[in-house]
Amino acid sequence: MLRFKQNSLIAWVLALGMFVIGTTSLSILGVGPALTRDLMVSPGDAGWLVTAFAATFAVFAPITQFALGNRYQPRSIILTGAVVLASALIWAAMAGSFAGLLLSRVFAALGSALIAPTSAALAVTLAPDGRRGAFLAIVFSGFTLATVTGVPVMTWLSLVLSWRGAMAAIAFAALVLLCLVWATISAQTCKRGEVRAGTSVTVSLWNPAMILLATLGMLAAQFVLYSLMGELLGREFNVSNDNLPAAILLFGLFGVAGNAAAGFLSDRVGAKTLVWSSILGLAGLLLLLRYDLGPLGGSLVLAGCAFAGTLFTTPQQSRLVELVHEDRHALILAMNSSASYLGIAFGSGLASSLATNMGLSVLPLAAFMVLMATGAANLLIQTRLPVQS
(Lines give C-alpha, C1' and ligand atoms only; values in the text may rest on other atoms or scores of the structure.)
Protein backbone atom coordinates (compact mmCIF):
# COMPACT_ATOMS: atom_id res chain seq x y z
CA MET A 1 0.00 0.00 0.00
CA LEU A 2 2.85 2.39 0.85
CA ARG A 3 4.49 1.73 -2.52
CA PHE A 4 1.17 2.35 -4.29
CA LYS A 5 0.82 5.73 -2.55
CA GLN A 6 4.41 6.65 -3.45
CA ASN A 7 3.84 5.73 -7.09
CA SER A 8 0.58 7.69 -7.14
CA LEU A 9 2.44 10.74 -5.81
CA ILE A 10 5.01 10.36 -8.58
CA ALA A 11 2.21 10.18 -11.15
CA TRP A 12 0.85 13.50 -9.88
CA VAL A 13 4.33 15.05 -10.05
CA LEU A 14 4.56 13.88 -13.66
CA ALA A 15 1.12 15.44 -14.23
CA LEU A 16 2.58 18.77 -13.13
CA GLY A 17 5.24 18.31 -15.80
CA MET A 18 2.58 17.75 -18.44
CA PHE A 19 0.74 20.85 -17.21
CA VAL A 20 3.90 22.95 -17.59
CA ILE A 21 4.50 21.53 -21.08
CA GLY A 22 0.91 22.09 -22.16
CA THR A 23 0.86 25.64 -20.83
CA THR A 24 4.20 26.39 -22.48
CA SER A 25 3.01 25.12 -25.85
CA LEU A 26 -0.20 27.19 -25.66
CA SER A 27 1.22 30.24 -23.88
CA ILE A 28 1.68 32.32 -27.03
CA LEU A 29 -2.08 32.27 -27.61
CA GLY A 30 -2.54 34.07 -24.31
CA VAL A 31 0.37 36.50 -24.33
CA GLY A 32 0.48 37.09 -28.09
CA PRO A 33 -1.11 40.58 -28.21
CA ALA A 34 1.17 41.98 -25.49
CA LEU A 35 4.20 40.23 -26.96
CA THR A 36 3.70 41.51 -30.49
CA ARG A 37 3.30 45.09 -29.25
CA ASP A 38 6.44 44.92 -27.12
CA LEU A 39 8.67 43.30 -29.75
CA MET A 40 7.02 45.22 -32.60
CA VAL A 41 6.17 42.20 -34.73
CA SER A 42 2.97 41.23 -36.52
CA PRO A 43 0.48 38.65 -35.23
CA GLY A 44 1.49 36.51 -38.20
CA ASP A 45 5.08 36.53 -37.01
CA ALA A 46 3.93 35.48 -33.54
CA GLY A 47 2.31 32.44 -35.12
CA TRP A 48 5.79 31.15 -35.90
CA LEU A 49 6.39 30.82 -32.16
CA VAL A 50 3.63 28.21 -32.01
CA THR A 51 4.89 26.47 -35.14
CA ALA A 52 8.48 26.38 -33.87
CA PHE A 53 7.46 24.64 -30.65
CA ALA A 54 5.15 22.12 -32.33
CA ALA A 55 7.56 21.23 -35.13
CA THR A 56 10.55 20.87 -32.81
CA PHE A 57 8.62 18.70 -30.38
CA ALA A 58 7.22 16.50 -33.15
CA VAL A 59 10.67 15.91 -34.66
CA PHE A 60 12.76 15.52 -31.52
CA ALA A 61 10.46 13.56 -29.18
CA PRO A 62 11.20 10.23 -30.90
CA ILE A 63 14.80 11.16 -31.75
CA THR A 64 15.72 11.96 -28.15
CA GLN A 65 14.05 8.81 -26.87
CA PHE A 66 15.79 6.66 -29.47
CA ALA A 67 19.14 8.21 -28.59
CA LEU A 68 18.75 8.43 -24.81
CA GLY A 69 15.81 6.29 -23.69
CA ASN A 70 17.72 3.03 -23.28
CA ARG A 71 20.97 4.59 -22.11
CA TYR A 72 19.80 6.71 -19.18
CA GLN A 73 17.29 6.28 -16.38
CA PRO A 74 13.92 8.08 -16.72
CA ARG A 75 14.75 10.20 -13.66
CA SER A 76 17.86 11.59 -15.36
CA ILE A 77 16.03 12.29 -18.62
CA ILE A 78 13.14 14.07 -16.89
CA LEU A 79 15.50 16.13 -14.73
CA THR A 80 17.52 17.14 -17.79
CA GLY A 81 14.34 18.06 -19.63
CA ALA A 82 13.13 20.15 -16.69
CA VAL A 83 16.45 22.03 -16.57
CA VAL A 84 16.32 22.73 -20.33
CA LEU A 85 12.64 23.75 -20.18
CA ALA A 86 13.08 26.06 -17.19
CA SER A 87 16.19 27.64 -18.74
CA ALA A 88 14.37 28.18 -22.03
CA LEU A 89 11.43 29.82 -20.28
CA ILE A 90 13.75 32.13 -18.33
CA TRP A 91 15.44 32.95 -21.62
CA ALA A 92 12.04 33.69 -23.16
CA ALA A 93 11.15 36.04 -20.31
CA MET A 94 14.40 37.97 -20.88
CA ALA A 95 14.47 37.83 -24.70
CA GLY A 96 15.33 41.18 -26.26
CA SER A 97 14.39 40.26 -29.81
CA PHE A 98 11.92 38.12 -31.70
CA ALA A 99 14.74 35.90 -32.98
CA GLY A 100 15.89 35.21 -29.43
CA LEU A 101 12.35 34.40 -28.34
CA LEU A 102 11.91 32.07 -31.32
CA LEU A 103 15.10 30.21 -30.42
CA SER A 104 13.97 29.91 -26.80
CA ARG A 105 10.80 28.19 -28.02
CA VAL A 106 12.92 25.62 -29.85
CA PHE A 107 14.81 24.80 -26.66
CA ALA A 108 11.58 24.73 -24.63
CA ALA A 109 10.26 22.13 -27.07
CA LEU A 110 13.47 20.11 -26.72
CA GLY A 111 13.08 20.03 -22.95
CA SER A 112 9.43 19.09 -23.33
CA ALA A 113 10.34 16.32 -25.78
CA LEU A 114 12.54 14.79 -23.07
CA ILE A 115 9.89 15.02 -20.35
CA ALA A 116 6.56 14.07 -21.93
CA PRO A 117 7.15 10.59 -23.42
CA THR A 118 9.48 9.61 -20.58
CA SER A 119 6.80 10.55 -18.06
CA ALA A 120 4.19 8.45 -19.87
CA ALA A 121 6.53 5.47 -20.04
CA LEU A 122 7.40 5.81 -16.36
CA ALA A 123 3.70 5.91 -15.46
CA VAL A 124 3.24 2.61 -17.28
CA THR A 125 6.15 1.12 -15.34
CA LEU A 126 4.85 2.33 -11.98
CA ALA A 127 1.23 1.30 -12.52
CA PRO A 128 0.12 -1.81 -10.56
CA ASP A 129 -1.67 -4.62 -12.37
CA GLY A 130 -4.95 -3.47 -13.84
CA ARG A 131 -4.27 0.24 -13.21
CA ARG A 132 -2.25 1.27 -16.28
CA GLY A 133 -5.06 3.35 -17.72
CA ALA A 134 -5.66 5.10 -14.40
CA PHE A 135 -1.99 6.06 -14.04
CA LEU A 136 -1.76 7.32 -17.62
CA ALA A 137 -4.92 9.36 -17.06
CA ILE A 138 -3.38 10.97 -13.96
CA VAL A 139 -0.26 11.98 -15.87
CA PHE A 140 -2.17 13.36 -18.85
CA SER A 141 -4.69 15.16 -16.66
CA GLY A 142 -1.98 17.81 -16.45
CA PHE A 143 -2.01 18.35 -20.20
CA THR A 144 -5.82 18.32 -20.28
CA LEU A 145 -5.94 20.94 -17.53
CA ALA A 146 -3.39 23.03 -19.42
CA THR A 147 -5.55 23.04 -22.55
CA VAL A 148 -8.46 24.29 -20.42
CA THR A 149 -6.70 26.86 -18.25
CA GLY A 150 -3.42 27.60 -20.06
CA VAL A 151 -4.62 30.36 -22.39
CA PRO A 152 -6.87 32.26 -19.92
CA VAL A 153 -4.27 32.02 -17.13
CA MET A 154 -1.49 33.27 -19.41
CA THR A 155 -3.74 36.07 -20.66
CA TRP A 156 -4.48 37.15 -17.09
CA LEU A 157 -0.82 36.94 -16.07
CA SER A 158 0.22 39.02 -19.08
CA LEU A 159 -2.19 41.74 -17.94
CA VAL A 160 -0.96 41.63 -14.34
CA LEU A 161 2.75 40.90 -14.80
CA SER A 162 3.35 41.63 -18.51
CA TRP A 163 4.09 38.87 -20.99
CA ARG A 164 7.61 38.54 -19.61
CA GLY A 165 6.22 38.04 -16.12
CA ALA A 166 3.85 35.39 -17.47
CA MET A 167 6.78 33.52 -19.02
CA ALA A 168 8.70 33.82 -15.76
CA ALA A 169 5.73 32.33 -13.91
CA ILE A 170 5.83 29.21 -16.10
CA ALA A 171 9.60 29.06 -15.59
CA PHE A 172 8.99 29.07 -11.84
CA ALA A 173 6.55 26.16 -12.27
CA ALA A 174 9.23 24.29 -14.25
CA LEU A 175 11.70 24.86 -11.40
CA VAL A 176 9.14 23.51 -8.93
CA LEU A 177 8.80 20.46 -11.17
CA LEU A 178 12.58 20.03 -11.14
CA CYS A 179 12.65 20.07 -7.34
CA LEU A 180 9.72 17.65 -7.00
CA VAL A 181 11.19 15.17 -9.48
CA TRP A 182 14.50 15.32 -7.61
CA ALA A 183 12.73 14.71 -4.28
CA THR A 184 10.18 12.04 -5.23
CA ILE A 185 11.73 9.93 -8.00
CA SER A 186 14.75 7.84 -7.13
CA ALA A 187 17.01 5.79 -9.39
CA GLN A 188 15.65 2.66 -7.70
CA THR A 189 12.09 3.70 -8.58
CA CYS A 190 13.05 3.85 -12.25
CA LYS A 191 15.03 0.61 -12.26
CA ARG A 192 14.21 -1.65 -15.18
CA GLY A 193 15.65 -4.51 -17.10
CA GLU A 194 18.86 -4.24 -19.07
CA VAL A 195 18.63 -3.68 -22.80
CA ARG A 196 20.13 -6.35 -24.97
CA ALA A 197 22.67 -5.15 -27.47
CA GLY A 198 21.56 -5.24 -31.06
CA THR A 199 17.82 -5.17 -30.31
CA SER A 200 15.89 -4.72 -33.54
CA VAL A 201 13.70 -1.63 -33.63
CA THR A 202 12.24 -1.93 -37.11
CA VAL A 203 10.28 -5.12 -36.49
CA SER A 204 9.08 -4.27 -32.99
CA LEU A 205 7.83 -0.81 -33.93
CA TRP A 206 6.12 -1.52 -37.27
CA ASN A 207 2.66 -2.45 -35.92
CA PRO A 208 2.39 0.38 -33.37
CA ALA A 209 3.70 2.84 -35.95
CA MET A 210 0.60 2.07 -38.02
CA ILE A 211 -1.64 2.80 -35.00
CA LEU A 212 -0.09 6.26 -34.78
CA LEU A 213 -1.99 7.18 -37.95
CA ALA A 214 -5.16 7.05 -35.87
CA THR A 215 -3.65 9.36 -33.27
CA LEU A 216 -2.73 11.91 -35.93
CA GLY A 217 -6.18 11.74 -37.50
CA MET A 218 -8.06 11.94 -34.21
CA LEU A 219 -6.20 15.05 -33.06
CA ALA A 220 -6.57 16.64 -36.49
CA ALA A 221 -10.34 16.07 -36.45
CA GLN A 222 -10.64 17.60 -32.98
CA PHE A 223 -8.55 20.69 -33.74
CA VAL A 224 -10.51 21.48 -36.88
CA LEU A 225 -13.08 22.59 -34.28
CA TYR A 226 -11.03 23.48 -31.22
CA SER A 227 -8.65 25.95 -32.87
CA LEU A 228 -11.59 28.23 -33.75
CA MET A 229 -13.93 27.25 -30.93
CA GLY A 230 -14.61 30.79 -29.74
CA GLU A 231 -15.54 32.00 -33.21
CA LEU A 232 -17.67 28.91 -33.82
CA LEU A 233 -19.64 29.39 -30.61
CA GLY A 234 -20.14 33.11 -31.17
CA ARG A 235 -20.93 33.26 -34.86
CA GLU A 236 -22.58 29.91 -35.58
CA PHE A 237 -24.45 29.29 -32.31
CA ASN A 238 -24.95 32.90 -31.21
CA VAL A 239 -23.31 32.57 -27.82
CA SER A 240 -23.03 36.12 -26.47
CA ASN A 241 -19.72 37.66 -25.45
CA ASP A 242 -20.89 37.63 -21.84
CA ASN A 243 -21.65 33.90 -21.96
CA LEU A 244 -18.65 32.85 -24.05
CA PRO A 245 -16.31 32.35 -21.04
CA ALA A 246 -18.90 30.07 -19.42
CA ALA A 247 -19.27 28.07 -22.64
CA ILE A 248 -15.50 27.63 -22.92
CA LEU A 249 -15.30 26.66 -19.23
CA LEU A 250 -18.03 24.07 -19.83
CA PHE A 251 -15.99 22.72 -22.74
CA GLY A 252 -12.95 22.46 -20.47
CA LEU A 253 -14.82 20.74 -17.64
CA PHE A 254 -16.19 18.13 -20.04
CA GLY A 255 -12.65 17.58 -21.34
CA VAL A 256 -11.35 16.97 -17.82
CA ALA A 257 -14.27 14.63 -17.15
CA GLY A 258 -13.50 12.70 -20.34
CA ASN A 259 -9.89 12.23 -19.27
CA ALA A 260 -11.01 10.97 -15.85
CA ALA A 261 -13.54 8.62 -17.45
CA ALA A 262 -10.84 7.26 -19.76
CA GLY A 263 -8.66 6.42 -16.78
CA PHE A 264 -11.55 4.65 -15.04
CA LEU A 265 -12.85 2.76 -18.08
CA SER A 266 -9.67 1.88 -19.97
CA ASP A 267 -8.71 -0.91 -17.56
CA ARG A 268 -12.30 -2.16 -17.32
CA VAL A 269 -13.79 -2.22 -20.83
CA GLY A 270 -10.54 -2.57 -22.79
CA ALA A 271 -8.47 -0.06 -24.73
CA LYS A 272 -9.76 -0.97 -28.20
CA THR A 273 -13.41 -0.66 -27.13
CA LEU A 274 -12.82 2.75 -25.59
CA VAL A 275 -10.95 4.00 -28.66
CA TRP A 276 -13.90 3.09 -30.86
CA SER A 277 -16.33 4.62 -28.36
CA SER A 278 -14.38 7.86 -28.61
CA ILE A 279 -14.34 7.84 -32.43
CA LEU A 280 -18.01 6.95 -32.86
CA GLY A 281 -19.21 9.22 -30.05
CA LEU A 282 -17.34 12.18 -31.49
CA ALA A 283 -18.69 11.39 -34.97
CA GLY A 284 -22.29 11.51 -33.74
CA LEU A 285 -21.76 14.81 -31.96
CA LEU A 286 -20.07 16.35 -35.01
CA LEU A 287 -23.15 15.53 -37.07
CA LEU A 288 -25.33 17.27 -34.48
CA LEU A 289 -23.25 20.42 -34.87
CA ARG A 290 -24.55 20.72 -38.43
CA TYR A 291 -27.94 21.77 -37.03
CA ASP A 292 -29.09 25.09 -35.56
CA LEU A 293 -28.83 24.18 -31.89
CA GLY A 294 -28.92 27.63 -30.37
CA PRO A 295 -26.49 28.95 -27.74
CA LEU A 296 -27.18 26.35 -25.04
CA GLY A 297 -27.46 23.37 -27.39
CA GLY A 298 -24.34 24.34 -29.32
CA SER A 299 -22.36 24.81 -26.11
CA LEU A 300 -23.47 21.44 -24.73
CA VAL A 301 -22.76 19.51 -27.92
CA LEU A 302 -19.36 21.12 -28.35
CA ALA A 303 -18.60 20.26 -24.71
CA GLY A 304 -19.68 16.71 -25.50
CA CYS A 305 -17.08 16.70 -28.28
CA ALA A 306 -14.45 17.54 -25.66
CA PHE A 307 -15.61 14.61 -23.52
CA ALA A 308 -15.62 12.14 -26.42
CA GLY A 309 -12.29 13.38 -27.77
CA THR A 310 -10.42 13.07 -24.47
CA LEU A 311 -11.62 9.48 -24.07
CA PHE A 312 -9.12 8.63 -26.80
CA THR A 313 -5.64 9.43 -25.48
CA THR A 314 -5.33 7.05 -22.51
CA PRO A 315 -6.57 3.85 -24.20
CA GLN A 316 -4.61 4.65 -27.35
CA GLN A 317 -1.40 4.79 -25.35
CA SER A 318 -2.33 1.57 -23.57
CA ARG A 319 -2.73 -0.12 -26.95
CA LEU A 320 0.68 1.09 -28.03
CA VAL A 321 2.62 -0.07 -24.99
CA GLU A 322 1.03 -3.53 -25.24
CA LEU A 323 2.68 -4.00 -28.63
CA VAL A 324 6.28 -3.24 -27.73
CA HIS A 325 8.81 -4.44 -25.21
CA GLU A 326 9.25 -2.41 -22.02
CA ASP A 327 12.54 -0.97 -23.25
CA ARG A 328 10.67 0.65 -26.17
CA HIS A 329 7.80 2.22 -24.18
CA ALA A 330 9.32 5.70 -24.04
CA LEU A 331 10.18 5.65 -27.75
CA ILE A 332 6.73 4.59 -28.92
CA LEU A 333 5.05 7.09 -26.60
CA ALA A 334 7.35 9.77 -27.98
CA MET A 335 6.18 8.85 -31.46
CA ASN A 336 2.60 9.11 -30.21
CA SER A 337 3.31 12.61 -28.88
CA SER A 338 4.79 13.58 -32.24
CA ALA A 339 1.73 12.26 -34.05
CA SER A 340 -0.48 14.28 -31.69
CA TYR A 341 1.35 17.54 -32.42
CA LEU A 342 1.34 16.86 -36.16
CA GLY A 343 -2.40 16.25 -35.94
CA ILE A 344 -2.92 19.47 -34.02
CA ALA A 345 -0.90 21.40 -36.59
CA PHE A 346 -2.75 19.84 -39.53
CA GLY A 347 -6.20 20.31 -37.98
CA SER A 348 -5.54 23.93 -37.02
CA GLY A 349 -4.17 24.74 -40.47
CA LEU A 350 -7.13 23.09 -42.18
CA ALA A 351 -9.56 25.00 -39.97
CA SER A 352 -7.94 28.35 -40.77
CA SER A 353 -7.97 27.63 -44.50
CA LEU A 354 -11.59 26.44 -44.55
CA ALA A 355 -12.86 29.28 -42.37
CA THR A 356 -11.16 31.83 -44.60
CA ASN A 357 -12.33 30.37 -47.91
CA MET A 358 -15.64 28.64 -47.09
CA GLY A 359 -16.82 29.95 -43.72
CA LEU A 360 -17.11 28.56 -40.20
CA SER A 361 -20.20 26.49 -40.97
CA VAL A 362 -18.17 23.86 -42.85
CA LEU A 363 -15.89 23.05 -39.89
CA PRO A 364 -18.08 20.36 -38.26
CA LEU A 365 -18.47 18.54 -41.59
CA ALA A 366 -14.73 18.82 -42.30
CA ALA A 367 -13.94 17.42 -38.84
CA PHE A 368 -16.40 14.58 -39.45
CA MET A 369 -14.76 13.67 -42.77
CA VAL A 370 -11.29 13.64 -41.18
CA LEU A 371 -12.66 11.49 -38.37
CA MET A 372 -14.27 9.03 -40.77
CA ALA A 373 -10.95 8.65 -42.60
CA THR A 374 -9.34 8.04 -39.22
CA GLY A 375 -11.92 5.40 -38.34
CA ALA A 376 -11.47 3.65 -41.69
CA ALA A 377 -7.70 3.63 -41.24
CA ASN A 378 -8.07 2.32 -37.70
CA LEU A 379 -10.31 -0.50 -38.91
CA LEU A 380 -7.86 -1.43 -41.65
CA ILE A 381 -4.91 -1.31 -39.26
CA GLN A 382 -6.61 -3.60 -36.75
CA THR A 383 -6.81 -6.40 -39.32
CA ARG A 384 -3.02 -6.48 -39.33
CA LEU A 385 -2.49 -6.30 -35.57
CA PRO A 386 -2.49 -8.99 -32.88
CA VAL A 387 -5.88 -9.77 -31.38
CA GLN A 388 -5.05 -8.23 -27.97
CA SER A 389 -4.42 -4.76 -29.44
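You'll find the structure just up there.
These numbers come from a predicted model, not from an experiment. Sequence order as written defines residue numbering, which begins from 1 separately in each chain. Under the rules for a predicted model, residues below a pLDDT of 70 receive no local features and side-chain atom pairs below 80 are neither given nor counted, while totals for whole chains, interfaces and linings still include all residues. Heavy atoms from the whole structure form the basis of all side-chain values; hydrogens and water molecules are not counted.

A.B. asks: Please clarify how helix 4 (residues 98–126) should be interpreted in this entry.
C.D. replies: Every α-helix carries 3.6 residues per turn, so stepping three or four residues along brings you back to the same face. Compared with the 42 Å implied by 1.5 Å per residue over 29 residues, the 41 Å span of helix 4 between its first and last C-alpha is a close match. The classification of residues rests on relative accessible area computed with a 1.4 Å probe and restricted to protein chains. Under 20% of the type maximum is buried, over 50% is exposed, and intermediate values are partly exposed. Helix numbering and strand numbering both begin at the N terminus, where a helix is a DSSP run of H or I of at least 4 residues and a strand a DSSP run of E of at least 2. Of all 29 residues that make up helix 4, 22 are buried, and the element is covered over most of its length. Helix span, as expected, comes to 1.5 Å for every residue beyond the first.

A.B. asks: Any chance you could explain the nonpolar core here in plain terms?
C.D. replies: The nonpolar side chains of a soluble globular protein tend to be buried with one another. In this structure, V31, L35, F57, L85, L101 and W163 are the most contacted members of the largest nonpolar core, which totals 73 residues. Broken down by secondary-structure element, the contributors of at least two residues to this core are helix 1 (2–39), helix 2 (43–68), helix 3 (74–94), helix 4, helix 5 (132–184), helix 6 (202–226), helix 11 (313–322) and helix 12 (329–357). The dominant element in this core, judged by the number of residues it contributes, is helix 5, at 15 residues. With residues near it in sequence (within four places) discarded, L35 still touches I28, L49, L101 and W163. Remark: nonpolar core denotes a set of buried residues (Ala, Val, Leu, Ile, Met, Phe, Trp, Tyr, Cys) joined through side-chain atoms within 4.5 Å. The next biggest cluster of nonpolar side chains, apart from the first, holds 43 residues, and it includes A214, C305, I344 and L360. Whether two residues are in contact is decided by their heavy atoms: any pair within 4.5 Å suffices.

A.B. asks: For this particular structure, what's the right way to read a nonpolar patch on the surface?
C.D. replies: Residues enter patches when their relative accessible area tops 30% and they take part in no salt bridge; the joining distance is 9 Å for like charges and 5 Å for the nonpolar side chains Val, Leu, Ile, Met, Phe, Trp and Tyr. Areas reported here follow the Shrake-Rupley algorithm with a probe of radius 1.4 Å; residue values treat only the protein chains shown as occluding. Just to be clear on terms, a salt bridge is a Lys or Arg side-chain nitrogen sitting within 4 Å of an Asp or Glu carboxyl oxygen. The grouping of L249, L253, F254, L296 and L300 at the surface amounts to a nonpolar patch, some 480 Å² of accessible area in total. Ranked by residue count, the leading element in the nonpolar patch is helix 8 (residues 244–269), at 3 residues. Position of F254 among the secondary structure elements: in helix 8.

A.B. asks: Sorry, what's going on with helix 9 (residues 271–288) here?
C.D. replies: Helix length check: helix 9, at 18 residues, gives a terminal C-alpha distance of 26 Å against a target of 26 Å (1.5 Å per residue), a fit within 8%. A271, L274, V275, W276, S278, I279, L282, A283, L285 and L286 are the residues of helix 9 that are buried.

A.B. asks: Even after reading the chapter, I still don't get the packing of aromatic side chains, so can you show me in this structure?
C.D. replies: Aromatic rings in a pair are described by how distant their centres are and how their planes are angled relative to each other. Pairing of aromatic side chains here covers Phe, Tyr and the six-membered ring of Trp, requires ring centres within 6.5 Å, and sorts the geometry by plane angle: under 30 degrees stacked, over 60 edge-to-face, intermediate tilted. Under the definition given, this model contains 4 aromatic pairs. Relative to F57, the ring of F53 has its centre 6.4 Å away and its plane inclined at 15 degrees; by these criteria the two rings are stacked. Separated by 4 residues within a single helix, F53 and F57 lie in helix 2, roughly one turn from each other. Summarising the burial analysis for this pair, F53 and F57 share the class buried. Their ring planes at 50 degrees and their centres at 6.2 Å tell us that F53 and Y341 sit as a pair that is tilted. Placement of F53 in helix 2 and of Y341 in helix 12 is noted, with a sequence separation of 288 residues between them. In this structure Y341 comes out as buried when scored by relative accessible area, which is 10%. The cationic tip of R75 hangs over the ring face of W182; the distance from NZ or CZ to the ring centre is 4.7 Å. In this scheme, the term charge over a ring applies when either NZ of a lysine or CZ of an arginine sits within 6 Å of the ring centre and within 35 degrees of the ring normal. If you follow R268 out to its NZ or CZ, it ends over the ring of F264, 3.9 Å from the centre.

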